[in-house]
4 protein chains.
Amino acid sequence: MFYEFYGFHKRPAYLNDYIMLHFDSDYMRGCHPEILERLSQTNMEQTPGYGCDEYTLRAKDNILRACGLDNGKGDVVFLTGGTQTNATVIDLVAGRYEGVMAVDTGHINVHESGAVEASGHKVITLPSHSGKMDAGELDSWLTDFYADDTWRHMVRPGIVYITFPTEVGTIYSKEELMALREVCDRWQLPLYIDGARLAYGLAASPDVTMEDIAAIADIFYIGGTKCGTLFGEAVVTRHPEWFGNILSHIKAHGALMAKGRLLGVQFSTLFEDGLYDRIGRNGVDKAMILKNGMTERGIPLFMDSPTNQQFFILPNDLIDRLLPAASFELWGPRCEKATPVRFVTDWGTTDDDIKTLLNLIDR
Amino acid sequence: MFYEFYGFHKRPAYLNDYIMLHFDSDYMRGCHPEILERLSQTNMEQTPGYGCDEYTLRAKDNILRACGLDNGKGDVVFLTGGTQTNATVIDLVAGRYEGVMAVDTGHINVHESGAVEASGHKVITLPSHSGKMDAGELDSWLTDFYADDTWRHMVRPGIVYITFPTEVGTIYSKEELMALREVCDRWQLPLYIDGARLAYGLAASPDVTMEDIAAIADIFYIGGTKCGTLFGEAVVTRHPEWFGNILSHIKAHGALMAKGRLLGVQFSTLFEDGLYDRIGRNGVDKAMILKNGMTERGIPLFMDSPTNQQFFILPNDLIDRLLPAASFELWGPRCEKATPVRFVTDWGTTDDDIKTLLNLIDR
Amino acid sequence: MFYEFYGFHKRPAYLNDYIMLHFDSDYMRGCHPEILERLSQTNMEQTPGYGCDEYTLRAKDNILRACGLDNGKGDVVFLTGGTQTNATVIDLVAGRYEGVMAVDTGHINVHESGAVEASGHKVITLPSHSGKMDAGELDSWLTDFYADDTWRHMVRPGIVYITFPTEVGTIYSKEELMALREVCDRWQLPLYIDGARLAYGLAASPDVTMEDIAAIADIFYIGGTKCGTLFGEAVVTRHPEWFGNILSHIKAHGALMAKGRLLGVQFSTLFEDGLYDRIGRNGVDKAMILKNGMTERGIPLFMDSPTNQQFFILPNDLIDRLLPAASFELWGPRCEKATPVRFVTDWGTTDDDIKTLLNLIDR
Amino acid sequence: MFYEFYGFHKRPAYLNDYIMLHFDSDYMRGCHPEILERLSQTNMEQTPGYGCDEYTLRAKDNILRACGLDNGKGDVVFLTGGTQTNATVIDLVAGRYEGVMAVDTGHINVHESGAVEASGHKVITLPSHSGKMDAGELDSWLTDFYADDTWRHMVRPGIVYITFPTEVGTIYSKEELMALREVCDRWQLPLYIDGARLAYGLAASPDVTMEDIAAIADIFYIGGTKCGTLFGEAVVTRHPEWFGNILSHIKAHGALMAKGRLLGVQFSTLFEDGLYDRIGRNGVDKAMILKNGMTERGIPLFMDSPTNQQFFILPNDLIDRLLPAASFELWGPRCEKATPVRFVTDWGTTDDDIKTLLNLIDR
């Protein structure tokens with residue numbers, strides 16, 4: 001079934017005892033062992049539901065501190081998945097029938113089954129530059145939009161959506177983020193950052209910190225699912241007044257978890273003992289070892305990513321040779337001789353995993 | 001206020017007694033005098049509401065006959081405006097959360113304030129070729145879409161939307177329509193034709209007839225608003241079973257007219273004595289006179305349209321000279337020396353109107 | 001078809017030359033002759049679309065003056081039908097996923113095919129008292145709601161909806177309206193009045209004026225469809241800032257009329273020369289003559305209404321005798337011996353109509 | 001915070017070392033230890049996402065077998081929470097803008113923040129009889145609805161929703177379920193059973209089995225959140241064709257879990273070694289001990305429930321005495337002398353818990 005799902009060949013029987021390597025995505029394992037431990041320890045405790053428990057409170061405190069938003073300067077809510085979070089946040093912040101600006105490769109425009117449109121908001125697209133939105137292009141688009149006498153017949157943007165890191169592993173520099181911030185300020189548009197893989201983005205960035213993200217974005221989410229938790233995303237805003245009736249809004253989106261403390265336990269742990277940083281660090285470190293190993297072997301990069309997603313152009317025969325022992329994603333349709341592929345590392349990837357993979361290539 | 005709306009200069013006082021010429025759009029007059037007469041004649045009659053009257057029945061009969069869909073082979077319902085019709089039809093035919101394929105210049109993607117997304121359907125865009133969708137590109141897009149293992153995470157198209165004539169006045173040849181039909185059949189996708197200006201499109205077409213449209217499209221609408229009625233669009237389908245609970249669906253969209261007979265009276269008249277043809281004919285004939293007059297004067301075409309919308313590139317000083325006496329739309333932002341403009345004729349445009357306009361240019 | 005629609009008997013052939021009397025509803029005729037005249041006079045004029053014309057401006061001015069909201073104290077927009085208006089206004093004023101409070105017989109809760117829920121708002125119901133909402137019950141409901149610790153898991157009301165007159169022809173006294181206003185103020189809830197038949201309500205009221213309605217409601221609509229126009233409802237608010245992006249909101253609801261001037265012409269006429277008052281007056285006067293005539297004949301009232309809808313309990317044999325010559329609505333399923341029925345008068349009903357009807361009864 | 005949330009008194013300091021008893025709800029603990037063990041064992045495994053893993057396959061098989069729907073007779077999908085499941089299922093099964101019939105106390109009508117209306121479906125209510133829908137009343141309502149000539153202007157029901165057990169702990173007999181089934185068949189309406197607490201309902205029922213539920217309902221869900229899992233609900237249907245594009249539908253509702261195997265691991269465990277039965281059994285057994293204990297002490301039942309929710313009328317002074325040491329829900333506002341309360345047991349409740357509670361009462 002696994003093979004089928006990915007459209008790969010059937011796994012040969014002689015490999016059955018072989019531990020397969022998986023680089024398909026960063027959501028393939030359960031959760032980081034430190035988180036599992038805390039979930040186990042607290043399992044039999046009884047707490048009130050819907051996020052009204054001590055663990056959730058502690059998670060909020062931890063996160064707000066990490067964001068420089070403690071002392072009432074911000075607020076946090078927890079949801080269970082990324083698509084759900086994007087749809088819920090955009091529907092909260094954008095006005096009724098207002099659209100959301102995104103690059104055409106943005107996750108909300110591609111791989112969310114129309115969840116954003118499902119609550120009535122058009123995704124308005126700009127060209128993607130290695131996954132990123134260009135502040136100048138955004139500004140021009142907005143200038144042209146409002147210069148058009150018929151703009152009231154078109155969909156007005158009510159929020160700007162970017163991802164950090166992007167869907168292709170790239171990250172914005174602080175300067176690029178500040179430029180977007182400036183354009184958003186000029187047009188009074190809230191800036192929303194989808195941080196599904198934020199840990200890896202921050203670990204890779206030479207200059208952007210969690211506090212920067214919290215200060216530059218009006219609202220953003222700290223991804224858990226791909227960064228160490230079983231599930232869960234923490235939505236942070238420096239406009240706490242936006243969360244006035246947030247519980248009802250979340251529940252209307254079917255996104256309110258009964259045992260909210262599961263999110264509290266996981267996120268409080270994630271923001272203690274530097275766990276979130278360590279998770280990001282490991283994913284990026286292993287990705288760099290992989291990238292170097294591939295480059296040394298003459299395998300060209302399809303895209304130069306500093307984070308935990310690495311894109312190469314692999315010869316088709318190498319792909320066929322690797323697949324029975326290591327899984328990864330073909331990035332687009334199979335080409336004639338060589339095909340772009342994606343390898344993803346995460347908090348659980350080890351040096352040995354990379355070494356084994358490179359050995360497979362060398363064989 | 002008129003000037004302001006269009007972002008034009010203030011009209012000079014010395015022109016106050018001058019009858020201004022308007023070529024802004026084809027929705028600027030009331031209705032064709034023959035329709036007004038029937039509305040007046042029937043005004044004091046009392047009929048049941050919501051389209052359950054004799055006039056609506058007669059309008060349906062007339063239309064089905066014109067479409068070659070009489071004898072139970074089709075059905076018709078009436079709505080009041082184009083955006084409303086598009087949103088209601090797409091939401092009827094496409095499955096829940098399925099998208100609609102359109103070219104990027106398609107009316108539903110630009111000038112409908114997100115009405116389609118408001119009921120949960122994403123507009124998926126293909127490149128526009130002079131306003132038209134290319135059958136080959138549609139086929140390729142669909143091939144690629146379903147070849148992508150992740151397509152279930154993306155928005156699946158549930159309907160294909162084209163306009164005849166397009167937003168820039170062009171029309172599909174019968175061959176082009178058949179090619180689209182074939183692709184739709186291959187992928188089992190319903191084809192929907194927005195006929196806001198259908199009368200002008202048919203009048204201009206060398207080979208496409210109303211019966212062709214009815215046979216090629218699964219569902220389409222015959223525009224009234226821009227083609228002689230006060231308001232109203234007739235939605236026709238050759239799948240009468242699709243209209244099983246149509247009244248409730250229309251009303252849920254806020255689109256059910258209490259005095260439905262107003263639509264019945266107008267559309268029954270439109271399809272008697274060749275009125276719809278005459279209306280289309282006049283719009284196109286006057287447009288051709290205008291195009292010839294402009295071309296003779298060395299004014300370049302911005303786009304070559306065979307229908308009632310004509311696009312020229314006018315020198316800015318000519319624009320400034322014309323505007324106090326004739327209104328028309330700048331097609332996009334004002335350029336440095338010459339700017340694309342649109343002139344629209346309709347059922348009410350006279351030879352004199354065109355002559356006066358050309359005289360103004362010659363002055 | 002007419003008979004079938006209403007579930008009535010087939011009309012006997014001998015009555016074919018007989019002019020049938022219709023009391024089914026107040027949307028059965030076209031428009032008041034003075035309005036038709038103005039539509040005819042202006043028919044060939046060309047104006048900009050979407051309500052950006054002089055007639056619409058004039059209609060707004062006339063209405064704001066009639067409401068005591070001129071000089072920037074209010075704003076007006078025009079839509080085409082009642083259900084559309086209710087859905088659009090409620091979706092504008094209530095917050096995302098907030099509900100609307102209404103009595104269980106309220107039009108939005110019964111006869112609008114779920115148009116309000118279609119944009120995501122629950123209709124929360126209170127018991128109807130002859131069609132009216134009781135201010136005390138509203139207050140109690142709200143007190144209980146917010147006293148319930150789980151209210152955030154329920155739908156919070158974001159607007160209060162009442163009809164004036166109600167679906168059963170009754171009207172609120174000024175005192176009753178003020179009591180509702182007070183409760184709305186206490187809970188910071190906007191009050192919305194559906195005035196589909198406002199003309200008849202004001203004509204019947206001993207103390208409520210148009211200015212009162214405009215001052216007591218936060219937003220309300222002046223019905224045209226049932227009060228003299230071909231179609232159209234004027235939405236008035238004393239919070240003009242609520243209409244900041246109203247054109248886009250209306251269009252996203254598919255409710256923006258291209259030839260907006262049709263609404264402007266009709267409503268400007270309606271509010272000149274006392275036409276709206278005269279229309280309301282005629283409907284109510286004729287209804288009172290009918291009520292008296294019926295009562296004198298010993299026919300019991302089913303409900304005592306002061307407006308243009310009159311409810312009687314007619315013996316079934318009388319119903320059967322009347323139906324071939326006069327149409328009216330059975331108010332609910334046919335009972336064993338006598339059945340509640342509704343007769344509706346309007347601006348076009350004449351003394352003769354009533355006299356003929358009463359003669360038919362006497363025969 | 002805990003106390004505050006429930007509107008209870010502050011917990012006295014002298015009780016700090018005391019292990020508090022919680023009977024507020026059945027979602028207060030983590031998950032059953034056998035499930036936690038399996039989650040822990042499989043934590044570091046890597047599997048494909050979105051439910052395309054072996055554990056999910058196994059969970060489906062287990063469930064279909066338990067339902068008598070193996071061998072292609074049914075299908076299963078997993079979602080994370082109850083409100084989400086209700087909104088997603090109703091929006092899948094009911095036609096666009098069709099409503100859902102429920103009793104007025106139904107969870108979807110009360111405590112789901114309008115999630116059902118958020119996707120455009122009206123909740124149409126019937127009176128609740130101890131939480132249950134009466135088949136005869138449903139039949140009458142439908143008869144009246146379609147007898148009303150105006151039904152096309154009203155919201156047509158597209159699905160019937162009941163809960164088993166109900167929100168007040170009661171259960172339908174097999175005969176009552178069959179009666180509902182018959183009415184649904186007569187009107188061609190799908191029957192949907194919300195089984196948030198299904199384990200406790202089946203454990204309490206003298207005659208209804210899981211296979212009965214699967215055969216009687218067209219679609220239903222087996223609740224995990226309140227019956228032993230951390231989260232998760234399994235939606236089962238005997239119409240597998242309904243799940244043709246279910247993944248996209250679920251994702252459009254923001255309800256698709258990336259690490260779908262978490263649901264697979266939990267539900268496969270739940271349906272092995274009789275765990276689901278044992279969980280239901282424990283909840284009900286402890287509830288009966290509690291009920292007997294209370295009754296022996298002369299405390300009256302507020303509602304007679306055979307399942308894990310027990311309703312009593314407690315004297316206010318007893319409530320005040322218990323609260324510092326045991327939590328439970330006041331069922332409605334505090335009354336003058338005695339107040340209805342709810343105590344909930346679950347899979348984790350022990351004999352000792354009940355004994356301690358009864359001792360507290362006796363003190």
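Before reading on, note that the structure itself is shown above.
Residues numbered from 1 in each chain as written. Chains lettered and ligands numbered in written order. Predicted model: local features only at pLDDT ≥ 70, side-chain atom pairs only at ≥ 80, totals over all residues. Heavy atoms only, no water.

### Observations concerning the pattern of salt bridges
- Within the structure shown, the criterion is met by 84 salt bridges over all chains.
- Between C:Asp320 and C:Arg334 there is a salt bridge, and its shortest N-O distance comes to 2.9 Å. With C:Asp320 in helix α14 (residues 316–322) and C:Arg334 in the loop between β12 (329–330) and β13 (338–344), this pair connects stretches of sequence that are 14 residues apart.
- Under the relative-accessibility criterion, C:Arg334 is labelled partly exposed at 40%.
- Between D:Glu182 and D:Arg186 there is a salt bridge whose closest N-O contact spans 3.4 Å. Of this pair, D:Glu182 and D:Arg186 both sit in helix α8 (residues 174–186), separated by four residues, roughly a single helical turn.
- Taken together, the shared-partner salt bridges in this structure form one network comprising A:Arg181, A:Asp185, A:Asp218 and A:Arg238. (Salt bridge = Lys/Arg side-chain N within 4 Å of Asp/Glu carboxyl O. Helix = DSSP H or I, 4+ residues; strand = E, 2+ residues; numbered from the N terminus. Buried < 20%, exposed > 50% of the residue type's maximum accessible area, 1.4 Å probe, protein only.)

### With respect to the pairing of strand β3 (residues 99–103) of chain D
Residue and element names in this part refer to chain D.
- Judged by how many residues are buried, β3 sits mostly within the fold: five of five residues are covered.
- Burial along β3 is two-sided: the face carrying Gly-99, Met-101 and Val-103 and the face carrying Val-100 and Ala-102 are both buried.
- Relative to strand β4 (residues 123–126), β3 runs parallel, the two being bridged by four bridges. Along β4, the bridge assignment pairs Val-100 with Val-123. (Pairing = 2+ DSSP bridges.)

### Overview of the environment of B:Leu198
Residues and elements named next belong to chain B.
- Along the chain, the position of Leu-198 falls in helix α9 (residues 198–204).
- Sequence-wise, Leu-198 and Tyr-276 are 78 residues apart; in three dimensions their C-alpha atoms are separated by 9.4 Å.
- Once residues lying within four places of it in the same chain are set aside, the contact partners of Leu-198 are Phe-164, Pro-165, Met-210, Ile-213, Phe-220, Tyr-221, Ile-222, Cys-227 and Tyr-276. (Contact = heavy atoms within 4.5 Å.)

### Describing the sheet that holds β4(D)
All names here are of chain D.
- Pairing within the open sheet is mixed, and its seven strands lie in the order β2-β8-β7-β6-β5-β3-β4. Pairing within the sheet leaves two strands with one partner each, and these edge strands are β2 (75–79) and β4. Across the sheet, the mean angle separating the axes of adjacent strands is 25° when strand polarity is ignored.
- Pairing between strand β7 (residues 219–223) and strand β8 (residues 233–237): five bridges, direction antiparallel. Bridging across to β8, Ile-219 finds its partner in Thr-237. (Axes fitted to C-alpha atoms, helices over the stretch in contact; angles between N-to-C directions.)

### Quick notes on the state of the cysteines
- Applying the stated criterion across every chain yields a total of zero disulfides over all chains.
- The closest cysteine sulfur to the non-disulfide-bonded D:Cys67 is located on D:Cys227, 14 Å from its own sulfur. (Disulfide = S-S within 2.5 Å.)

### A few points about the interface of chain D and chain C
- The interface is formed by 23 residues belonging to chain D together with 23 residues belonging to chain C.
- Summing both partners gives a buried area of about 1700 Å² for chain D against chain C, and 48% of it is carried by carbon and sulfur.
- The tally of links from chain D across to chain C stands at two salt bridges.
- Measuring nitrogen to oxygen at the nearest pair gives 2.7 Å for the salt bridge that ties C:Glu117 to D:Lys122.
- In this assembly, chain D and chain C are joined by 12 residue pairs in polar contact (both at pLDDT 80 or more).
- Within the side of chain D that touches chain C, the residues separate by chemical class into nine nonpolar, nine polar and five charged. (Buried area = accessible area lost by both parts, 1.4 Å probe. Polar contact = N/O pair within 3.5 Å; in protein donor to acceptor, adjacent residues only side chain to side chain. Nonpolar A, V, L, I, M, F, W, Y, C, P; charged D, E, K, R; others polar.)

### What about the relation of the copies chain D and chain C?
- Mapping chain D onto chain C leaves a residual RMSD of 0.0 Å; the transformation is a rotation of 180° accompanied by 0.0 Å of translation along its axis. Accordingly, the operation relating the two chain copies is best matched by a two-fold axis.
- Taken as a fraction of all interface residues of chain D, those also at the interface in chain C reach 100%, which identifies the copy contact as same-surface. (Least-squares fit on C-alpha atoms with pLDDT ≥ 70 in both.)

### Some words on the sheet that holds strand β5 (residues 157–163) of chain A
Residues and elements named next belong to chain A.
- Across the sheet, seven strands lie side by side as β2-β8-β7-β6-β5-β3-β4; this open sheet has mixed pairing. The open sheet has two edge strands, β2 (75–79) and β4 (123–126), and neither has a second partner. Each adjacent strand pair in this sheet contributes to an overall mean axis angle of 25°, direction not counted.
- Where β5 lies against strand β6 (residues 191–195), four bridges are found, and the strand directions are parallel. Within β6, the residue paired with Ile-162 across the bridge is Ile-193.

### Some details on the packing of aromatic side chains
- With the rule as written, the count across this model stands at 54 aromatic pairs over all chains.
- Where A:Tyr27 meets D:Tyr50, the ring centres are 5.3 Å apart and the plane angle is 70°; that geometry is what we call edge-to-face. With A:Tyr27 in the loop between β1 (21–22) and α2 (33–41) and D:Tyr50 in the loop between α2 (33–41) and α3 (54–66), this residue pair bridges two chains.
- Between D:Tyr161 and D:Tyr192, the aromatic rings sit 5.8 Å apart at their centres with planes inclined by 55°, giving tilted as the arrangement. Of this pair, D:Tyr161 sits in strand β5 (residues 157–163) while D:Tyr192 sits in strand β6 (residues 191–195); the two residues are 31 residues apart in sequence, bridging distant segments of the chain.
- Classification of D:Tyr161 by relative accessible area gives buried; the value is 2%. (Phe/Tyr/Trp six-rings, centres within 6.5 Å; stacked < 30°, edge-to-face > 60°.)

### What about empty space enclosed by the protein?
- This structure, assessed with the given rule, holds 14 cavities of 30 Å³ or more.
- Counted as a void, the largest cavity has a volume near 410 Å³.
- As for the largest cavity, its lining consists of 32 residues, and the residues nearest its centre are A:Gly81, A:Gly82, A:Thr83, A:Tyr221 and A:Lys226.
- Counting residues per element, the lining of the largest cavity draws most heavily on helix α4 (residues 82–93) of chain A, at four residues.
- Of the residues in the lining of the largest cavity, the class split is 11 nonpolar, 13 polar and eight charged.
- Estimated volume of the second largest cavity: approximately 340 Å³.
- Residue lining of the second largest cavity: 31 residues in total, with A:Ala118, A:Ser119, B:Tyr97, D:Ala118 and D:Ser119 positioned closest to the centre.
- Elements represented by at least two residues in the lining of the second largest cavity include exactly α4 and α6 (115–118) of chain A together with α4 (82–93) and α6 (115–118) of chain D.
- For the lining of the second largest cavity, the element with the highest residue contribution is α4(D), accounting for three residues. (1 Å grid on protein atoms, 1.4 Å probe; cavity = no way out; pocket = protein on both sides within 12 Å on 5 of 7 lines; lining within 4 Å. Points joined across faces, edges and corners; volume = space filled by probe spheres on them.)

### Description of the interface of chain A and chain D
- Tallying the contact residues gives 48 residues for chain A and 48 residues for chain D.
- Across the contact surface, chain A and chain D share zero salt bridges.
- For the interface between chain A and chain D, the tally reads 23 residue pairs in polar contact (both at pLDDT 80 or more).
- When residues of the side of chain A that touches chain D are traced back to their parent elements, those giving at least two are α1 (2–6), α2, α3 (54–66), α4, α6, α11 (246–252) and α12 (261–270) of chain A.

### Topic: the side chain of B:Gln310
Residue and element names in this part refer to chain B.
- Looking at the secondary structure, you find Gln-310 in strand β10 (residues 309–315).
- Within the structure, the side chain of Gln-310 is placed 2.8 Å from the backbone oxygen of Ser-305, a separation counted as a polar contact.
- Setting aside residues no more than four positions away along its own chain, Gln-310 makes contact with Ala-287, Met-288, Leu-290, Lys-291, Ser-305, Val-341, Arg-342 and Phe-343.

### Regarding unusual backbone geometry
- With an omega dihedral of -5°, the bond running from A:Phe164 to A:Pro165 counts as a cis peptide bond.
- Tracing the backbone through its elements, the reader meets A:Pro165 in the loop between β5 and α8 (174–186).
- The backbone of D:Asp273 shows a phi angle near 55°, a positive value even though the residue is not glycine.
- With respect to the helices and strands, the residue D:Asp273 is situated in the loop between α12 (261–270) and α13 (275–296).

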